[in-house]
Amino acid sequence: MGALRSRIVGVGAFLPERVLTNDELARQVDTTDAWIVERTGIRQRHIVSESQRTSDLAIGAAERALAAAGLSGRDLDLIVLATATPDNTFPATATRVQAALGMTRGAAFDVQAVCSGFLYAISVADNFIKAGQVRTALVIGAETFSRILDWNDRGTCVLFGDGAGAVVLRAEEGRGDNSDYGILSTHLHSDGRHYNLLHVDGGPSSTQTVGHLRMEGREVFRHAVVNLASVVQEALDANGFKPTDLDWIVPHQANRRIIEGTARKLGLGLDKVVISVDRHANTSAASVPLALAEAVGDGRIRPGQLVLLEAMGGGFTWGAALVRF
Ligand code: UT7
């Protein structure tokens, strides 16, 4: 018997309809389209309507991922949902999604690792599958960061957007070497000493308010390029690959300059990098699955290709996953 692997059998994304452009933002805060594009690569972001919740976006992405996999909610054993902007403090947003998908067995829960959330969630689900505890899992990254932004702080409010992405994982027998299909390995890190560089200044146990996102952008930027290049190299080394073996990198979409800096450190051209930050901005835990769904949907990512997912966020947290599609 070989090793159990998690195969990605369906990918889906969901974006709220409303698009907020840089020019619209420039009418609300002291900024310009030129500054935002030059410093971040962001041109627009999607923003939820007043009645839309994180769970609505998550359900939209989940339905599309399940349809792509030819499965329904009844086939699922597990939902792991990554979010830093849950509908409510509790219960987990994942249980809302579970009910909406008609899944009445198995388990559904949230994980919290901010922008690295999707990497944490896919790693958790992959380990359940590798341990033989579940066969079919849904992994979602869903966020409504527009709800926690200080819309008077130009240093942060221009950077984020709302959205959701999801993947369906299925257990499959592999050989246990790097020629397998599915998730070859996942790598997670955190360093809580940097808590204050990117955090929300509220919460149930501190202020009893939701609070607003606060960030020391330049410091986060500096750590991001170093940590991301290091975790990508770790994932490659663990599987005996070189950067040039990769067909695609699907990075966290925080800032085009971070994405370019990481690719440069690895010696990879941007033609191997999936970029959606220009249209989605930083959607935190949703950013990697949103970009992945786009690249799978338009045929860039094809079966058999080697794809690396990576992200870094508040905590700090960072992680990577190496996948053969
Ligand atoms: O997803 C989690 C990970 N998050 C990230 O990866 C974000 C990492 N950080 C970044 O992406 C960048 O640091 C930012 C985009 C946040 C900022 O870019 P920067 O090149 O590091 O700019 P800065 O913070 O050093 O600010 C440069 C100048 C400042 O003015 P002074 O002090 O030089 O006069 C800012 O006040 O730009 C000013 N500034 C703005 N100007 C126009 C800051 N925000 C804006 C703005 N419009 N929106």
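Every value quoted in this text rests on a predicted model; they were computed, and no experiment measured them.

1. Comments concerning the overall build of the chain
Okay, so step 1: Each helix and strand counted, the chain has ten helices and 13 strands in total.
Okay, so step 2: In terms of overall dimensions, the chain is globule-like: its C-alpha atoms have a radius of gyration of 18 Å, near the 20 Å expected for 325 residues.
Okay, so step 3: With the C-alpha coordinates of the chain rotated into their principal frame, the extents come out at 60 × 45 × 40 Å.
Okay, so step 4: If you take every contact in the chain between residues at least 6 apart in sequence, the share linking residues at least 24 apart comes to 75%.

2. Here we look at the domain arrangement of the chain
Okay, so step 1: The domain boundaries assigned to the chain delineate domain 1 (4–173) and domain 2 (182–324).
Okay, so step 2: Placing a centre on the C-alpha atoms of domain 1 and another on those of domain 2 gives a separation of 14 Å.
Okay, so step 3: Contacts between domain 1 and domain 2 engage 50 residues on the former and 48 residues on the latter.
Okay, so step 4: Carbon and sulfur atoms make up 67% of the area that domain 1 and domain 2 hide from each other, which totals about 3800 Å².
Okay, so step 5: Inspection of the domain 1/domain 2 interface yields one salt bridge.
Okay, so step 6: For Arg214, the salt bridge is made with Asp150, and the minimal N-O distance between the two is 2.9 Å.
Okay, so step 7: If you look at where domain 1 meets domain 2, you find 21 residue pairs in polar contact (both at pLDDT 80 or more).

3. Some words on the pattern of salt bridges
Okay, so step 1: A full pass over the atoms with the stated rule returns 16 salt bridges.
Okay, so step 2: Through salt bridges with shared partners, one network takes in Asp150, Asp201 and Arg214.

4. Observations regarding the packing of helix H7 (residues 217–239) against helix H8 (residues 256–266)
Okay, so step 1: The interhelical angle for the contact between H7 and H8, taken along N-to-C directions, is 40°, at an axis separation of 9 Å. One way to sum up the angle between H7 and H8 is to call them oblique. Read as a crossing pair, H7 and H8 show a hand that is right-handed. Each of Phe221, Ala224, Val225, Leu228, Ala229, Val232 and Gln233 in H7 lies in contact with H8, whose residues at this interface are Arg257, Ile258, Gly261, Thr262, Lys265 and Leu266.
Okay, so step 2: Among the residues forming the contact of H7 with H8, the class breakdown is eight nonpolar, three polar and two charged.

The rules behind each value
Residues numbered from 1 in each chain as written. Predicted model: local features only at pLDDT ≥ 70, side-chain atom pairs only at ≥ 80, totals over all residues. Heavy atoms only, no water. Helix = DSSP H or I, 4+ residues; strand = E, 2+ residues; numbered from the N terminus. Rg over C-alpha atoms; globule rule 2.2 N^0.38 Å. Contact = heavy atoms within 4.5 Å. Domains from an automatic or database assignment. Buried area = accessible area lost by both parts, 1.4 Å probe. Salt bridge = Lys/Arg side-chain N within 4 Å of Asp/Glu carboxyl O. Polar contact = N/O pair within 3.5 Å; in protein donor to acceptor, adjacent residues only side chain to side chain. Axes fitted to C-alpha atoms, helices over the stretch in contact; angles between N-to-C directions. Parallel < 35°, antiparallel > 145°, perpendicular 65-115°, else oblique. Left-handed = near helix turned anticlockwise from the far one by under 90°. Nonpolar A, V, L, I, M, F, W, Y, C, P; charged D, E, K, R; others polar.

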